[in-house]
Amino acid sequence: MQSIELLNPAEVFQEVLDDLSISSRVVVQDLFSDHRLRMGETDLKRLFAILVSNAIKFHPKRTPHIIAKAQALDAATWQLEVTDDGDGIPKEMRHLIFMPMSKVVSRDKEEGAGMGLAILKKILRTYGGGVIVDTAESGQGTTFTLTLPVLAVQSEESISV
Ligand SMILES: Nc1ncnc2c1ncn2[C@@H]1O[C@H](COP(=O)(O)OP(=O)(O)OP(=O)(O)O)[C@@H](O)[C@H]1O
Ligand SMILES: [Mg+2]
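In the nomenclature of an unreviewed UniProt entry, the chain is known as histidine kinase of Puniceibacterium antarcticum. Taken directly from UniProt, the Catalytic activity (unreviewed entry) text for the chain runs: "ATP + protein L-histidine = ADP + protein N-phospho-L-histidine."

## Side note on the pairing of strand 6 (residues 130-135)
Where strand 6 meets strand 7 (residues 142-149), 6 bridges bridge the pair, whose relative direction is antiparallel. Paired with Thr135 across the two strands is Thr142, which belongs to strand 7. Taken together, strand 6 and the strand that follows it, strand 7, pair antiparallel across an intervening segment of 6 residues, in which Gly139 is found at a positive phi of about 90°.

## Examining helix 2 (residues 41-57)
Here helix 2 contains 17 residues, and its C-alpha end-to-end distance of 24 Å stays within 8% of the 24 Å for a straight helix at 1.5 Å per residue. Looking at helix 2, one finds that the buried residues are Asp43, Leu44, Leu47, Phe48, Ile50, Leu51, Val52, Asn54 and Ala55.

## A closer look at the sheet that holds strand 7
Taken together, the 5 strands give an open sheet; going across it, the order is 2-4-5-7-6, and neighbouring strands pair in mixed fashion. Strands at the two margins of the open sheet, each flanked by one partner only, are strand 2 (26-28) and strand 6. Neighbour-to-neighbour, the strand axes of the sheet open up by a mean angle of 20°, direction not taken into account. In terms of strand pairing, strand 2 meets strand 4 (residues 66-74) through 3 bridges, oriented parallel. Across the sheet, Val26 pairs through a bridge with Ile66, a residue of strand 4. In this fold helix 3 (residues 116-126) packs onto strand 6 and strand 7, with an angle of close to 140° to the strand it touches most, strand 6.

## Some thoughts on the pairing of strand 7
Within a regular strand, the side chains alternate between the two sheet faces. Here strand 7 shows one buried face, formed by Thr142, Phe144, Leu146 and Leu148, and one open face, formed by Thr143, Thr145, Thr147 and Pro149. For strand 5 (residues 77-84) and strand 7, the ladder comprises 8 bridges, and the chain directions are antiparallel. Its bridge partner lying in strand 7, Thr83 is registered against Thr143.

Conventions we followed
The residue numbers shown here count from 1 along each chain, following its written sequence. Chain labels run from A onward and ligand labels from 1 onward, assigned in the order the entries are written. Only residues with pLDDT of 70 or above have their local features reported here, since the model is predicted, and side-chain atom pairs are shown and tallied only from 80 upward, although totals for entire chains, interfaces and linings are computed over all residues. UniProt positions are given in the numbering used here, feature names are shortened, and annotations may be inferred rather than shown by experiment. For two strands to pair, DSSP has to find at least two bridges joining them. Labels follow the DSSP assignment, with helices taken as runs of H or I lasting at least four residues and strands as runs of E lasting at least two, numbered in each case from the N terminus. Helix span, as expected, comes to 1.5 Å for every residue beyond the first. A residue is called partly exposed when the number of other C-beta atoms within 10 Å of its own lies between 12 and 20, exposed at 12 or fewer, and buried at 20 or more, with C-beta atoms placed from the backbone. Axis lines are fitted to C-alpha atoms, over the contacting stretch for helices. Their N-to-C directions set the angle, which ranges from 0 to 180 degrees. C-beta atoms are first placed from the backbone for all residues, and any pair lying within 7 Å is then listed as a contact.

What follows is the structure in structure tokens.
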């Protein structure tokens, strides 16, 4: 079973980029180093990997510019936004993408089982979090906004788990 840890999201995000060997194509902004998420490391890595791999796969040249931002919305809620400059998702398809095995028609030729975002949503639900998706009016680029319960502490020693 996965143990619940206090995680630095910036570090975990960087590990995922390193694992995918794509750091040079990714811009990371505002990932708070003084906030800790209380969750399983495997789960957090999976969330990031699903979003980053989609940003690559659904970009016409597979060279996305990705911006990841983290902020505390309030004392109880932590928000992560991952934005890419890829294909975008048509408004009328957005409600489908979190369902297992659902894919946007125009990119059906892309490999994949259509499971990534269904898994992402399930993981977030486990922690009492959620996700919404938005595409810019131009139809280009996608932003996934994740919310998770926040545990803001300055050091791991000050917490009893
Ligand atoms: N960043 C994105 N930009 C554009 N479209 C996206 C993006 N992320 C997801 N989508 C659309 O949502 C669909 C569902 O995504 P999901 O990750 O669940 O499946 P997949 O990537 O097709 O397959 P798998 O994740 O199982 O390899 C995708 O097929 C794609 O059409
Ligand atoms: Mg995917």
